[in-house]
Amino acid sequence: MKSWPGATASCSCPPAAARACAIRCPPLPGPVQGLVISPLIALMDDQVAALRQLGVNAGALHSEQEPEDAARVRSDLMAGRLDILYVSPERLLSPGMLDRLGRLTLSVIAIDEAHCISAWGHEFRPEYRELAALPQHFPNVPRIALTATADGRTRSDILEALAMPDATVFKASFHRPNLDIAVKPKTSEIRQLTAILDRHRGLPPSCIAAAAARPSAWRVRLRARGMRRCRFMPVSRRWKSAPR
């Protein structure tokens, strides 16, 4: 993807591809400090860790950090030691943050989970609407909106809400040939689950089990059947959003 001052782009594709766009945007020619706006603390921390393993000096600012960690990230940011900064829309728009970033030379602004800006989307976040003001603060910085969950109506709403009418749109198929989706009546939960897991024994661990309740009880029963590396997430639990 080419980039030039003031350029805009929208990328609608499966999560791995969308994340790859965000990761590969920062190494652009010129002064390199990329900004990624993300609504999820867990996602920010996970991507920062992954980028650091790749040798990219990444950092995040969110509400669950220890004060000394946040101070270190701010220091690295202002000293030009960060390649990429992850921040929530609320933290970005907080007093002083825009002024602080305005003193830097940003190479790109990536708006992750861009479907959150759409009133037609399933995860509408009103704070995302305020990101339409970004060109006023960073008039010549390229912007890219990334999402893996947007139909045609939502994509149009994203471009309008972010004031990106002339953005180049990249759209990929969501077809996942390696995934099978089926709905079956429940008979014996443990027998049905172990039957599925038995078919994948010896393969890389890539199964996610969402338990409606009592994941610890499921873990004990599966470990008794020789499946010891089991982790469960109750379906009621959601990734924590970044409130500020």
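Asks: Hey, could you go over the overall build of the chain for me, with residue numbers and the actual values?
Replies: Within the chain one finds 10 helices and nine strands. In the chain, the share of contacts with a sequence separation of at least 24, taken over all contacts with a separation of at least 6, comes to 76%. Of the roughly 14,300 Å² of accessible surface on the chain, 54% is carried by carbon and sulfur atoms.

Asks: Can you break down helix α9 (residues 189-198) residue by residue, with the values?
Replies: Listed as buried for α9 are I190, L193, T194 and L197. Axial view of α9: buried residues confined to an arc of 95°, hence all on one face.

Asks: Before we move on, can you summarise the pairing of strand β2 (residues 34-37) with the specific residues and values?
Replies: Neither face of β2 is open: one carries G34 and V36, the other L35 and I37, and all of them are buried. In this structure, β2 lies alongside strand β4 (residues 84-87), joined through four bridges in parallel fashion. Bridge assignment links G34 to a residue of β4, and that residue is I84. When β2 meets strand β5 (residues 108-111), the two strands line up parallel, connected through four bridges. Within β5, the residue paired with V36 across the bridge is A110.

Asks: Which residues make up the nonpolar core, and what values go with them?
Replies: Ranked by size, the top nonpolar core spans 33 residues in total, and within it L35, I37, L85, L92, L101, I109 and I111 carry the most contacts. Elements with a minimum of two residues in this core: β2, α3 (67-78), β4, α5 (97-102), β5 and α8 (152-161). Residue contacts for I37: discarding those within four places in its chain leaves V87, S88, P89, L92, I109, A110, I111, D112, Y128, L131 and L134. The next biggest cluster of nonpolar side chains, apart from the first, holds 13 residues, and it includes I41, A58, A60 and A110.

Asks: Could you give me a rundown of the pattern of salt bridges, with the residues and numbers involved?
Replies: For the coordinates displayed, the defined rule picks out three salt bridges. The partner of D69 in a salt bridge is R72, and the shortest N-O contact between them spans 2.6 Å. Taken together, the residues span about one helical turn, with D69 and R72 both in helix α3 at a distance of three residues. Across the pair D157 and R129 runs a salt bridge, and its minimum N-O distance is 3.1 Å. Of this pair, D157 sits in helix α8 while R129 sits in helix α6 (residues 126-129), and the two are 28 residues apart along the sequence. Assessed through its relative accessible area of 10%, D157 is described here as buried. R129 sits in the partly exposed class, given a relative accessible area of 31%.

Asks: Summarise unusual backbone geometry; cite the residues concerned and give the values.
Replies: Positive phi, normally seen in glycine, also occurs at E113, with a value near 50°. Counting through the fold element by element, E113 comes out in the loop between β5 and α6. Its relative accessible area of 10% is what places E113 among the buried residues. In this structure, A163 takes a positive phi of about 55° despite not being glycine.

Asks: Which residues make up the pairing of strand β6 (residues 143-147), and what values do they have?
Replies: Along β6, five of the five residues are buried, which leaves the element largely enclosed by surrounding structure. What you see with β6 is no split at all: R143, A145 and T147 on one side and I144 and L146 on the other are buried throughout.

Asks: So what's going on with the confidence of the model for the chain? Residues and values would help.
Replies: The predicted coordinates ought not to be read in detail in places where the model reports low pLDDT. Across the chain, pLDDT averages 76, with 70% of residues at or above 70. Scored below 50 in pLDDT, residues 26-31 shows 10 contacts in the model against residues more than four places distant or in partner chains.

Criteria and thresholds
Residues numbered from 1 in each chain as written. Predicted model: local features only at pLDDT ≥ 70, side-chain atom pairs only at ≥ 80, totals over all residues. Heavy atoms only, no water. Helix = DSSP H or I, 4+ residues; strand = E, 2+ residues; numbered from the N terminus. Contact = heavy atoms within 4.5 Å. Areas by Shrake-Rupley, 256 points an atom, 1.4 Å probe, with all protein chains shown as cover. Buried < 20%, exposed > 50% of the residue type's maximum accessible area, 1.4 Å probe, protein only. Arc of directions from axis to C-beta. Pairing = 2+ DSSP bridges. Core = buried A, V, L, I, M, F, W, Y, C linked by side-chain atoms within 4.5 Å. Salt bridge = Lys/Arg side-chain N within 4 Å of Asp/Glu carboxyl O. pLDDT = per-residue confidence, 0-100.

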